[in-house]
Amino acid sequence: ILQRELYNILVNEDAQQVLLTPDPSRYKFCAPNSPTNILIDYPTNDKSSSSSSSFIIRGATIEKLIEHLTHHQLLHPRFVKSFLMTYKSYCTPLQLLNLLIDRYNIPEPTPAYLYTEYQLKKFRKEYVQPVKLRVLNVIRQWVDKYLSDLIESNDHVLDQLQTFLQSIPDTGGLYQFKTSILKLIDKQTMEYQDPSKKNQQRDLISDERDQMEDLDVFLYDMKELSDQITLICSTYFRAITSQELLYRLPNLYNLQNYMKFLDKVLGFWCKRSILETSNFEERIAVAE
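Residues numbered from 1 in each chain as written. Predicted model: local features only at pLDDT ≥ 70, side-chain atom pairs only at ≥ 80, totals over all residues. Heavy atoms only, no water.

**Description of the packing of aromatic side chains**
Where we set the bar: What counts as a ring pair is set by centres within 6.5 Å for rings of Phe, Tyr and Trp (its six-membered ring), and what kind of pair is set by the plane angle: stacked under 30 degrees, edge-to-face over 60, tilted for all other angles. Runs of E in the DSSP output that reach at least two residues are strands. Runs of H or I that reach at least four are helices, and both are numbered from the N terminus. Buried means the residue's accessible area, taken with a 1.4 Å probe over protein chains only, is under 20% of the maximum for its type, while exposed means over 50%, and partly exposed covers the values in between. We call a charge positioned above a ring when the Lys NZ or Arg CZ atom is no farther than 6 Å from the ring centre and deviates by at most 35 degrees from the ring normal.
A complete count under the given rule lists seven aromatic pairs for this structure. Summarising the aromatic geometry, the rings of Phe123 and Tyr127 are spaced 5.7 Å apart at their centres and angled 10° between planes, so their arrangement reads as stacked. Note that Phe123 and Tyr127 are positioned in helix H5 (residues 117-145) at a spacing of four residues, about one turn of the helix. Here the two residues Phe123 and Tyr127 agree in accessibility, since each one is buried. Chaining the aromatic ring pairs together yields one cluster made of Phe79, Phe83, Tyr87, Tyr90 and Trp142. Above the plane of the ring of Tyr104 lies Lys132, whose end atom (NZ or CZ) is 4.8 Å from the centre.

Given below as structure tokens:
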């Protein structure tokens, strides 16, 4: 009973200690929320609790988005996915990397002599450590899902990211996270640059051309014909990611492959079907 009471006393004392945060003038991710930097909706109509995870961010400055992306208390898994999918609408990969690095480099509260050792320890444990882990988590998801953003950037973003990761000390709990990201970069880069993928793509296009040759316009009704074509091109269509549909950039891998299919397979079949007709009337019927 005494141990339980002592534990409760310590917990209450810890809860009464205000968690220190960096000075907003030195760390832009600690600026207070205001209508000028973030707009929030509270579906539960509970605006009194800023720690509620039920709120929705309607709009914010890029600094506020990064703050909530890597918040020391709140977890937003869906927000991380949505952000990484859409961030190129309002910033470049290099700008995002620089912001994440700035977010990672957290200054100590100053002057330090104004605070007790316990307050500083609490700050490092409950603010610095969670933020750094979540910054690395965002970077890991970025590398895993959108490596092309880093490789195809003209600003050598991937090189700068690797330099930043290698600068993280090999001591402490961040070492394993850092190592896993560097290994993931090596693995993803090798797969991205693998020339065998292009050869496999050529073989796939050749095989699908053979399948398309068996489709006779006059042997199938329109619905059956469209179903067969959809099945043949399903490999390409399933591979397209949401980001590629969002930006429709010509250098995005899967969408580019799908466009190749439309041109080299479906387009080739349409041209061939028209040109192989024996008379003018059949050619008109095929074209229609």
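**Quick look at the environment of Lys132**
Our working definition: A contact between two residues is defined here by any heavy atoms of the two lying within 4.5 Å.
Tracing the sequence through the fold places Lys132 in helix H5. Considered as a pair, Lys132 and Leu174 are 42 residues apart in the sequence and their alpha carbons are 8.1 Å apart. Filtering out sequence-adjacent residues up to four positions away, Lys132 remains in contact with Tyr104 and Leu174.

**Focus: the environment of Leu161**
Positionally, Leu161 belongs in helix H7 (residues 157-167). Leu161 sits 21 residues away from Leu182 along the chain, and the two C-alpha atoms are 9.4 Å apart.

**Regarding H5**
Our working definition: Helices are assigned an expected span. That span is 1.5 Å times one less than the residue count. To get the bend at a given residue, fit one axis to the seven residues ending there, fit another to the seven starting there, and take the angle between those axes.
In this model H5 runs 41 Å from its N-terminal to its C-terminal C-alpha over 29 residues, within 8% of the 42 Å that 1.5 Å per residue would give. In the structure, H5 departs most strongly from a straight axis at Arg124, where the bend amounts to approximately 30°.

**A closer look at the packing of helix H4 (residues 93-104) against H5**
Rules: Only the stretch in contact is used when a helix axis is fitted, and all axes are lines through C-alpha atoms; the angle between N-to-C directions ranges over 0 to 180 degrees. Relative orientations are named as follows: roughly parallel for angles under 35 degrees, roughly antiparallel for angles over 145 degrees, roughly perpendicular for angles from 65 to 115 degrees, and oblique for any other angle. Crossings are assigned a handedness: left-handed for a near helix turned anticlockwise from the far helix by less than a right angle, right-handed for a clockwise turn.
Remark: H4 packs on H5, axes separated minimally by 9 Å, with the N-to-C direction vectors making an angle of 160°. Between H4 and H5, the interaxial angle falls into the category roughly antiparallel. For H4 against H5, the interelement crossing comes out left-handed. Each of Pro93, Leu96, Leu97, Leu100, Arg103 and Tyr104 in H4 lies in contact with H5, whose residues at this interface are Tyr127, Val131, Lys132, Val135, Leu136, Val138, Ile139 and Trp142.

**Thoughts on the packing of H5 against helix H8 (residues 175-192)**
The following threshold applies: Three classes are used, and their members are as follows: Ala, Val, Leu, Ile, Met, Phe, Trp, Tyr, Cys and Pro are nonpolar, Asp, Glu, Lys and Arg are charged, and the others, Gly among them, are polar.
At a closest axis distance of 10 Å, the pairing of H5 and H8 adopts a crossing angle of 10°. Comparing the axis directions of H5 and H8 gives the class roughly parallel. For the pair H5 and H8, the contacting residues are Leu133, Leu136, Asn137, Ile139, Arg140, Val143 and Asp144 in the first and Phe177, Ser180, Ile181, Leu184, Ile185 and Gln188 in the second. Partitioning the contact of H5 with H8 into residue classes produces eight nonpolar, three polar and two charged.

**Quick look at the side chain of Thr70**
Formally: Counting of polar contacts relies on pairs of N or O atoms within 3.5 Å, with two restrictions inside protein: one atom must be capable of donating a hydrogen and the other of accepting it, and residues adjacent in sequence are counted only when both atoms are side-chain atoms.
Turning to its location among the elements, Thr70 is positioned in the loop between helix H2 (62-69) and helix H3 (77-86). Among the residues examined, Thr70 registers a relative accessible area of 0% and is labelled buried. Within the local environment of Thr70, its side chain forms a polar contact with the backbone oxygen of Ile66, the two atoms lying 2.8 Å apart. Here Thr70 is in contact with Arg103, Val131, Arg134, Val135 and Val138, once residues within four sequence places are set aside.

**So, the nonpolar core**
Rules: Definition used in this section: a nonpolar core is a set of buried Ala, Val, Leu, Ile, Met, Phe, Trp, Tyr and Cys residues joined via side-chain atoms within 4.5 Å.
If you look at the biggest cluster of nonpolar residues, it comprises 45 residues, and the most contacted ones within it are Phe83, Ile139, Trp142, Val143, Leu161 and Leu165. Elements that contribute at least two residues to this core include exactly H2, H3, H4, H5, helix H6 (147-151), H7 and H8. Those residues in contact with Leu161 that lie beyond four places of it in its chain are Leu97, Ile139, Val143, Leu150 and Ile185.

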